[in-house]
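Geometric and topological summary
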Amino acid sequence: MSSSPATLPVTNQQATQSQPPINSHAFRTFLSRLSSSLRESLSQRRPWLELVDRSSFARPDSLTDSFTRIRKNLAYFKVNYSLIVSLVLAFSLLSHPFSLLVLLTLLGSWMFLYLFRSSDQPLVIFGRTFTDRETLLALVLTTIVVVFMTSVGSLLTSALTIGIAIVCLHGAFRVPDDLFLDEQEGSANAGLLSFIGNSAATSAAAASVVAGRV
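Residues numbered from 1 in each chain as written. Predicted model: local features only at pLDDT ≥ 70, side-chain atom pairs only at ≥ 80, totals over all residues. Heavy atoms only, no water.

In the nomenclature of an unreviewed UniProt entry, the protein corresponds to PRA1 family protein from the organism Camelina sativa. If you open the UniProt record of the protein and go to Sequence similarities (unreviewed entry), you find "Belongs to the PRA1 family." On record in UniProt, under Function (unreviewed entry), the comment for the protein is "May be involved in both secretory and endocytic intracellular trafficking in the endosomal/prevacuolar compartments." (UniProt positions renumbered as here; feature names shortened; annotations may be inferred.)

With respect to the overall build of the protein
Secondary structure summary: the protein contains 10 helices and 2 strands in total. Secondary structure of the protein in N-to-C order comes out as α-α-α-α-α-α-β-β-α-α-α-α. Intrachain contacts of the protein at a sequence separation of at least 6 include 85% that bridge at least 24 residues. Entry remark: accessible area of the protein is about 14,400 Å², with carbon and sulfur atoms responsible for 67%. (Helix = DSSP H or I, 4+ residues; strand = E, 2+ residues; numbered from the N terminus. Contact = heavy atoms within 4.5 Å. Areas by Shrake-Rupley, 256 points an atom, 1.4 Å probe, with all protein chains shown as cover.)

Focus on the nonpolar core
Among the nonpolar cores identified, the biggest contains 11 residues, and these are Phe-30, Leu-106, Trp-110, Met-111, Tyr-114, Leu-115, Phe-116, Leu-136, Leu-139, Val-146 and Val-152. Secondary-structure elements contributing two or more residues to this core are helix 6 (97-115) and helix 7 (132-148). Tallying contributions element by element places helix 6 first for this core, with 5 residues. Residues Phe-77, Ile-84, Val-85 and Val-167 belong to the second largest nonpolar core, which totals 7 residues. (Core = buried A, V, L, I, M, F, W, Y, C linked by side-chain atoms within 4.5 Å. Buried < 20%, exposed > 50% of the residue type's maximum accessible area, 1.4 Å probe, protein only.)

Comments concerning the UniProt feature "transmembrane region" (unreviewed entry) in the protein
According to UniProt, the "transmembrane region" (unreviewed entry) feature falls on residues 75-94, 100-116, 136-167 and 187-211. Between the C-alpha atoms that bound residues 75-94 there is a distance of 29 Å. The span itself is 95% helix and 0% strand. As a span, residues 100-116 carries 94% helix and 0% strand, and end to end its C-alpha atoms are 22 Å apart.

What to know about the pattern of salt bridges
As enumerated under the stated definition, the model contains 1 salt bridge in all. Asp-65 is paired through a salt bridge with Arg-69; the nearest N and O atoms lie 3.4 Å apart. Linking Asp-65 with Arg-69, this pair stays in helix 4 (residues 63-76), spanning 4 residues, or about one helical turn. Of the residues examined, Arg-69 reaches a relative accessible area of 8% and is grouped as buried. (Salt bridge = Lys/Arg side-chain N within 4 Å of Asp/Glu carboxyl O.)

Let's talk about the packing of aromatic side chains
Under the definition given, this model contains 2 aromatic pairs. When the centroid spacing of 4.9 Å and the interplanar angle of 90 degrees are considered together, the rings of Tyr-76 and Phe-77 count as edge-to-face. Across the pair, Phe-77 and Tyr-76 agree in class, each one buried. Aromatic pair Phe-77 and Tyr-81: ring centres 6.0 Å apart, planes at 55 degrees, arrangement tilted. Judged by its relative accessible area of 3%, Tyr-81 falls in the buried class. An aromatic cluster is defined as three or more aromatic residues linked by ring pairs; in this entry it consists of Tyr-76, Phe-77 and Tyr-81. Positioned above the aromatic ring of Tyr-76 is the side chain of Arg-46, whose terminal nitrogen or guanidinium carbon lies 3.8 Å from the ring centre. (Phe/Tyr/Trp six-rings, centres within 6.5 Å; stacked < 30°, edge-to-face > 60°. Lys NZ or Arg CZ within 6 Å of the ring centre and 35° of its normal.)

Points about the confidence of the model for the protein
Averaged over all residues, the pLDDT of the protein equals 75, while 68% of them reach at least 70. In the predicted structure, residues 184-196 sits below a pLDDT of 50 and forms 14 contacts with residues beyond four places in sequence or in another chain. (pLDDT = per-residue confidence, 0-100.)

Focus: the side chain of His-170
Considering the arrangement of structural elements, one finds His-170 in helix 8 (residues 151-173). The class for His-170 is buried, based on a relative accessible area of 15%. Within the structure, the side chain of His-170 is placed 2.7 Å from the backbone oxygen of Leu-51, a separation counted as a polar contact. Residues contacting His-170, with those up to four places away along its chain left out, are Leu-51, Phe-57, Asn-73, Phe-77 and Tyr-81. (Polar contact = N/O pair within 3.5 Å; in protein donor to acceptor, adjacent residues only side chain to side chain.)

Let's talk about the packing of helix 5 (residues 78-94) against helix 8
In the contact formed by helix 5 and helix 8, the axes pass within 9 Å of each other and the chain directions differ by 145 degrees. The hand of the helix 5/helix 8 crossing is right-handed. Touching Tyr-81, Ile-84, Val-85, Val-88, Leu-89, Ser-92 and Leu-93 of helix 5 are Leu-155, Leu-156, Ala-159, Leu-160, Ile-162, Gly-163, Ile-164, Ile-166, Val-167, His-170 and Gly-171, all from helix 8. Looking at side-chain class alone, the contact of helix 5 with helix 8 contains 14 nonpolar, 4 polar and no charged residues. (Axes fitted to C-alpha atoms, helices over the stretch in contact; angles between N-to-C directions. Left-handed = near helix turned anticlockwise from the far one by under 90°. Nonpolar A, V, L, I, M, F, W, Y, C, P; charged D, E, K, R; others polar.)

This is the structure in structure tokens:
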């Protein structure tokens, strides 16, 4: 009686194929929304020559006049002012490489360890598996320590203070002319709400991921 040939084990390549470390679909969706929001926001940018027109600058008559000018200029030059504050932040971080590296590491940890990590890929560090709640708690505590208990927090606070001071100083001395006021009265509120809506839409993908995990 002849013996049956030995069967060789067959490996399922699809089963053993490693899954990507992040949810590529959610990550691409987030980048797409971020890119669209930035393009739409930048399209509302006012000409820089209009921002620095020397003939439109004058000392305010009173503190109330200063606040009125700031409010109107903030609504009109909202995108330009946002870019100015962003440039101040970028310059501050580039002048402090260690703080920049810490923030990039923190951002990467949030993205790859929690926000865009595949739901079927548990986080394993040194042989221990961490749940989503444990990962979230660790990231929140790490963020608090980095922002509030290191020089990174003071650097960000100083940069934001300088940026906001520049915006307020420009807004207080920049005089809106009649044409500016006519346009402002009709579209300031709608434009501001639209800008805020674009910013909210940018973070919708990440927020939905967090809500689904918690």
